[in-house]
Amino acid sequence: MATIDDIVKKSGVSRSTVFRFLNGNNVRESSKQLIVEAMKDLNYKMDKLTKSLNLNFEISVSPEYMHFQGFTQMVQGVMEACEKKDIKVNLVIRSGKQIDEDYSNWVKSDNKGVLIIGKNKEDEIREAKFLKKKNIPHIFINHRIEIPDISYVCVDFEKAAYDVVNYLINKGHRDILVIGNPQELLVDELKINGYLKAMKDNDIEIKDKHIIISQDSKESEKAIRNILVSKDRPTAYFGICDSKAIKFINIARTMGFSIPEDISVVGMDNVNMAEYSVPPLTSVEVNFKSLGEKSVEQLINIIKYDFTTIKAFLSHSIIERESVRQI
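What you are looking at is a predicted structure, and each value in this text was computed from that prediction instead of being measured. (Residues numbered from 1 in each chain as written. Predicted model: local features only at pLDDT ≥ 70, side-chain atom pairs only at ≥ 80, totals over all residues. Heavy atoms only, no water.)

Topic: the pattern of salt bridges
Link 1 in the chain: As enumerated under the stated definition, the model contains 17 salt bridges in all.
Link 2 in the chain: Glu127 is the salt-bridge partner of Arg94, the closest N and O atoms lying 3.9 Å from each other. Of the two residues, Arg94 is situated in the loop between β2 (88–93) and α6 (97–104) and Glu127 in helix α7 (residues 121–134); the sequence distance between them amounts to 33 residues. Accessibility assignment for this pair places Arg94 and Glu127 in one class, buried.
Link 3 in the chain: Among the salt bridges present, the one from Glu122 reaches Arg126, with a minimum N-O distance of 3.4 Å. With Glu122 and Arg126 both in helix α7 and four residues apart, the pair spans about one turn of that helix. (Salt bridge = Lys/Arg side-chain N within 4 Å of Asp/Glu carboxyl O. Helix = DSSP H or I, 4+ residues; strand = E, 2+ residues; numbered from the N terminus. Buried < 20%, exposed > 50% of the residue type's maximum accessible area, 1.4 Å probe, protein only.)

Written as structure tokens, this is what we have:
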């Protein structure tokens, strides 16, 4: 079993500082982080310390969170991590005016925090402002909110989009189509930014007709059909998420096009269906369950160890399958 001397050695922090920290006294932020990381690495009574706090977390979700497999996996990760640490957890559906009402009536508690999943841009900003104003411990899961004092744990979607578009470019593609809704969804904005950066960094002309802004499923389907029969048909399609990429594949195939012979397709998220689409879809893998688990750990750090703001990224990788060809 690890001892205090082990923590001192592992962290590089003085023995007196470690004692002050364990006794609940304030220590320098940099020392605090070193001690916490050492305790985690040494498995020093972390669960016991957490269980003694009687923590109570809320998972704040949008009404549509069940529509996307990744959201349910994040919730699962949160639930399982909280169960292991005896943290009480409640799922709360919160959007629009409900956000105003709930946070206006918020009763501050030293053992309560919020994890936010799957909101549109308007609701994310609205909720972030309340969380900041009320000084409520929180983590936005997989949404990068660049507002001071707002905490998040996410994949760097701008970088992930950059990497997968760059992957297409390295396969010889220059005419790459993307469809998204950046006005409403922050994640779409970040992914399109990644697309644009990859094109610019490779000195590739960005064609306005290959960036389609759509808020409606029928509208995007019409746009896909129109561009597939146009003179400017792209050689590749960057799907902002796997469901959109698979939808594109199905539309293209019903119109007589072959994937990837006529057009290559990539997606993002690597949800279960990606491996079983026809053809199997090349995608960016995101471990949504791990995002939920890591977010619980970081929210504990905010509540227990007084971390002010946490901005953490999880890694991503490209899973190559048969939906892309070299040209």
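Further notes follow.
Here's the deal with the side chain of Glu58
Link 1 in the chain: For Glu58, the location among the structural elements is in strand β1 (residues 56–61).
Link 2 in the chain: When sequence neighbours within four positions are dropped, the list of residues in contact with Glu58 reads Asn90, Val92, Arg94, Trp106, Lys112, Gly113, Val114 and Leu115. (Contact = heavy atoms within 4.5 Å.)

Regarding the sheet that holds strand β7 (residues 211–213)
Link 1 in the chain: Taken in spatial order, the six strands line up as β7-β6-β8-β9-β10-β12 in an open sheet, and their pairing is mixed. Since the sheet does not close on itself, it has two edges, and those belong to β7 and β12 (317–319), each with one partner. Averaged over all adjacent pairs, the angle separating strand axes in this sheet is 20°, with direction ignored.
Link 2 in the chain: Bridge analysis of strand β8 (residues 236–238) against strand β9 (residues 264–269) gives three bridges, and the strand direction is parallel. Bridge pairing links Tyr237 to Val265 in β9.
Link 3 in the chain: On top of the sheet, helix α11 (residues 242–254) reaches β6 (176–180), β8, β9 and β10 (282–285); it is set at about 155° to β9, its chief contact. (Pairing = 2+ DSSP bridges. Axes fitted to C-alpha atoms, helices over the stretch in contact; angles between N-to-C directions.)

Details of the sheet that holds β1
Link 1 in the chain: What the six strands build is an open sheet, ordered β2-β1-β3-β4-β5-β11; its pairing is parallel. Unpaired on one side and paired on the other, β2 and β11 (311–314) mark the two borders of the sheet. Within the sheet, the average angular offset between the axes of one strand and its neighbour, ignoring direction, is 20°.
Link 2 in the chain: Looking at chain direction, β1 and β2 are connected through six bridges and run parallel. When the bridges of β2 are listed, Val61 appears paired with Ile93.

Focus: the pairing of β11
Every regular strand shows the same layout, with side chains that alternate between the two sheet faces.
Link 1 in the chain: With burial as the criterion, only one face of β11 is covered, namely that bearing Ala312 and Leu314; the residues Lys311 and Phe313 on the opposite face remain uncovered.
Link 2 in the chain: In this sheet, β11 lies alongside strand β5 (residues 152–155) in parallel orientation, the contact comprising four bridges. Within β11, the residue paired with Tyr152 across the bridge is Lys311.

Here's the deal with helix α8 (residues 157–170)
Link 1 in the chain: In a regular helix each residue adds 1.5 Å, so 14 residues correspond to 20 Å; α8 covers 20 Å between its end C-alpha atoms and thus fits that length.
Link 2 in the chain: Most of α8 is tucked away, with ten of its 14 residues classed as buried.
Link 3 in the chain: When α8 is considered as a whole, its buried residues turn out to be Phe157, Ala160, Ala161, Tyr162, Val164, Val165, Asn166, Tyr167, Leu168 and Ile169. (Expected span 1.5 Å × (residues − 1).)

A look at the confidence of the model for the protein chain
Link 1 in the chain: Taken over all residues, the pLDDT of the protein chain has a mean of 90, while the share at 70 or more is 95%.
Link 2 in the chain: Taken element by element, the protein chain is modelled with least confidence in helix α4 (residues 46–51), mean pLDDT 54, and with most confidence in β8, mean pLDDT 98. (pLDDT = per-residue confidence, 0-100.)

Quick notes on the packing of aromatic side chains
Link 1 in the chain: Within the structure shown, the criterion is met by five aromatic pairs.
Link 2 in the chain: Each ring, one from Tyr103 and one from Phe130, has its centre 6.0 Å from the other, and the planes form 25°; the classification is stacked. Note that Tyr103 is positioned in helix α6 and Phe130 in helix α7, a separation of 27 residues in sequence. Phe130 shares its class with Tyr103; the two are buried.
Link 3 in the chain: Both rings, one in Tyr237 and one in Phe248, keep their centres 4.1 Å apart while their planes meet at 10°; by these two values the pair is stacked. (Phe/Tyr/Trp six-rings, centres within 6.5 Å; stacked < 30°, edge-to-face > 60°.)

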